Structures are given as structure tokens and as C-alpha cells.
Amino acid sequence: MIERPYDGCGKCLLGVRRLSRVKLATSSPERQRENVLTAAASVGAHIVGWADDWEVSGITDPMTRPKLGPWLRDERGPYDGLVAAAVDRLGRNVVDCLNTGYKMRDEKKMLVTYGHDGAWDLDDPADENRFTMEAWGAQMELRAIQRRNRDATIKTRAAGRPKGKPSYDFQYVRKVMGGKIDHVELHPHASEVIREVARRILADPDNVTPSSEAARLNRAGDLSPADHLAVMYGKLARGRPWSPQSLKNILLSLRRAGCASQAHCGPLSSTCRR
């Protein structure tokens, strides 16, 4: 009974989960769920809904998240507060965490996270300081990850071993089989798929959305990015569908905006065609 509809008891909480990258092997969604349920039970609360933002970066403002945002903007049903697996599930920088925390405080709503005894009381200096420190720790961790990834990307690309896999509409080109990657170029079919999606959305943005385009691509049988990559490297497609968020990420990436400078993409991208 810890998951039941809103009943006005004052402890009807919204479960908040977020993950930047969802992979088949990850168990994070289940772990977050268990932590959220445990935290809610510890304060005698129950869950009235879930704001599950998968494939959403931690640097995204909670107010603009696809699932959490509508609740914070009061566009969904009533709720009495938020419960998350950790402070960094609310945001990965101090500003976003504090803005969300103060919003709950000012609206007299509960804010609960796993590992903290009881609900957060941001009117109490000790609780406010601890909440700020956890938010700061999340921000420092994010900056360290970004710096390591940036340095590793520059180093591996300079050596002809780009870090990660090619974007959906690009492919790596080797002049010698098994040799170093010489440059990156557009994939003939995938790049045309993305161009057509962009043209359709720009021509009728009120009726054509990433969701409708993802559904159209699934009906047409176009391989999703994961299956496209698998087939490109000689593996079997698993029938994984397009998702609106992955399609949106492709359309909004820096490379599609014409950013192919070495400052962002490294020397391998100097020959990329926009």
C-alpha cells in the first residue's frame, strides 16, 4: 500500500528517479526505486506517482525535465512533496538542488532523500548546510567526470582512437582495415533519416514532434540508433524501438548545429561534413 492514489493525508509524495544513460546491464532504476520506497516508508509517506527521467542529464534544470518538470510547474495532480534516492537525483549542481529544495520549503511540502533521517528542514541551519554540502558534492563530482571525459577524448582522438561510438548519423572511416580511424563522415542512410525528421518538425512544429516522429520511424521499420550501430558493426538487430528522447538528443547535439571545430570534437572531426 505504499503506492496508492492521492488521499490528502499530507504525506502523498512523488517518487523522483533520474539516470543520464540507460543501458541493458544497469540496475540503477531498480536500486533507485527501492531506495525511494524505503525513504518514503521511513517518514510514514506513500507514493502517488513517479517522475522517471531516463536519458536525462543531471545538468538539466528540474523545472524543464520531461517528467519532473510538469509536477513542479503544478501541471499534474496534487502531491505533498518529493522523495528521491539521493540529492544528486534532484540535480547535479548547487543552484538546481537549492531551487528545488526551497520551492518545497516555501510551498510547505516535504522533501525526503534516502540516507537522511526524516524530511529535510531547510529552515534549520544544520539541515540546510548539510543539504547544500550534498548538492555541492554532486556538482564537484560532475565537474570531475566532465574534465576526465574531456581529457580522455582529446587524447584518444589525437591517437586515432576516438572515445566512444560514432553518433547515429556518422561513421568512422579507416583507410586500412583494422588500422587507425582516419576521419569521420556522414552515414548515407542515417544522415538522410535525421534530415527528413528535422525537415518535418520545422515545417509543422505544432503537429510534428519528436514523439510522433519516433512513432513514424518505428512504423517504417527504420533501425533505432542502438540497432543501427549493431548492424553497422556486423551484429544482429534486437528490435529496439526509437524513443522520443533519443531522437531529440540527436537533433539537439552540437554536431547537428554545425559545430565541427577541433575545440569541441578534436582533430578527427576536421574533415566532417555538416
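These notes cover the structure that comes with them. (Residues numbered from 1 in each chain as written. Predicted model: local features only at pLDDT ≥ 70, side-chain atom pairs only at ≥ 80, totals over all residues. Heavy atoms only, no water.)

Counting 20 residues, the largest nonpolar core has L14, L68, Y79, L82, L90, L111 and F131 as its most contacted members. Residue assignment for this core shows that the elements contributing at least two residues are β1 (12–19), α2 (68–72), β3 (81–84), α3 (94–106) and α4 (125–158). No other element matches α3, which puts four residues into this core. Those residues within four positions of L82 in sequence are excluded, and the remaining contacts are L13, L14, V16, L68, L72, L90, T100, M104, M110, L111 and V112. (Core = buried A, V, L, I, M, F, W, Y, C linked by side-chain atoms within 4.5 Å. Buried < 20%, exposed > 50% of the residue type's maximum accessible area, 1.4 Å probe, protein only. Helix = DSSP H or I, 4+ residues; strand = E, 2+ residues; numbered from the N terminus. Contact = heavy atoms within 4.5 Å.)

Even without being glycine, E55 reaches a positive phi, approximately 60°. Positionally, E55 belongs in the loop between β2 (46–54) and α2. Exposure remark for E55: the relative accessible area of 25% places this residue in the partly exposed category. A positive phi angle, close to 60°, is found at K108, a residue other than glycine. Here K108 shows up in the loop between α3 and β4 (110–113).

Within this structure, the stated rule accounts for three aromatic pairs. Relative to F131, the ring of W120 lies with its centre 5.1 Å away and its plane at 75°, an arrangement referred to as edge-to-face. Of this pair, W120 sits in the loop between β4 and α4 while F131 sits in helix α4, and the two are eleven residues apart along the sequence. For the pair W120 and F131, one class covers both residues: buried. With a centroid separation of 5.1 Å and 80° between ring planes, the pair formed by Y168 and W242 is classed as edge-to-face. Here Y168, found in the loop between α4 and β5 (170–173), pairs with W242, found in the loop between α7 (225–232) and α8 (244–252); they are 74 residues apart in sequence, far enough to count as distant. Classification of Y168 by relative accessible area gives buried; the value is 7%. Take W242: its relative accessible area is 4%, and that puts it in the buried class. In this structure, R17 is placed above the aromatic ring of W50, and the distance from its NZ or CZ to the ring centre is 4.9 Å. (Phe/Tyr/Trp six-rings, centres within 6.5 Å; stacked < 30°, edge-to-face > 60°. Lys NZ or Arg CZ within 6 Å of the ring centre and 35° of its normal.)

Relative to the helices and strands, Q32 is located in helix α1 (residues 28–42). Under the relative-accessibility criterion, Q32 is labelled buried at 5%. With residues up to four places along the chain from it excluded, the contact list for Q32 reads V16, R17, R18, L19, W54, A85 and R89.

Another aspect to go through is α7. The set of residues buried in α7 consists of D227, H228, L229 and A230. Its buried side turned inward, α7 meets α5 (188–203). G234 sits one or two positions beyond α7 and adopts a positive phi of about 80°.

Applying the stated criterion across every chain, the model contains zero disulfides. Not engaged in a disulfide, the cysteine C9 finds its nearest cysteine sulfur in C12; these two sulfurs lie 3.6 Å apart. Note on C12: relative accessible area 0%, which makes it buried. (Disulfide = S-S within 2.5 Å.)

Turning to the pattern of salt bridges, a few remarks are in order. Under the counting rule described, the total for this entry stands at 18 salt bridges. The salt bridge partner of R17 is D52, with a shortest N-O separation of 2.8 Å. Placement of R17 in strand β1 and of D52 in strand β2 is noted, with a sequence separation of 35 residues between them. The exposure class assigned to R17 is buried, which follows from its relative accessible area of 10%. A salt bridge links E192 to R195; the nearest nitrogen and oxygen atoms lie 3.7 Å apart. Of this pair, E192 and R195 both sit in helix α5, three residues apart, which is roughly one turn of the helix. Judged by its relative accessible area of 35%, E192 is partly exposed. (Salt bridge = Lys/Arg side-chain N within 4 Å of Asp/Glu carboxyl O.)

Let's shift gears to the packing of α5 against α8. It is the contact of α5 with α8, at a shortest axis distance of 11 Å, that shows an interaxial angle of 95°. Between α5 and α8, the angle is such that the two are roughly perpendicular. Of the residues in α8, those in contact with I194, V197, A198 and I201 of α5 are L247, I250 and L251. For the contact of α5 with α8, the per-class residue count stands at seven nonpolar, no polar and no charged. (Axes fitted to C-alpha atoms, helices over the stretch in contact; angles between N-to-C directions. Parallel < 35°, antiparallel > 145°, perpendicular 65-115°, else oblique. Nonpolar A, V, L, I, M, F, W, Y, C, P; charged D, E, K, R; others polar.)

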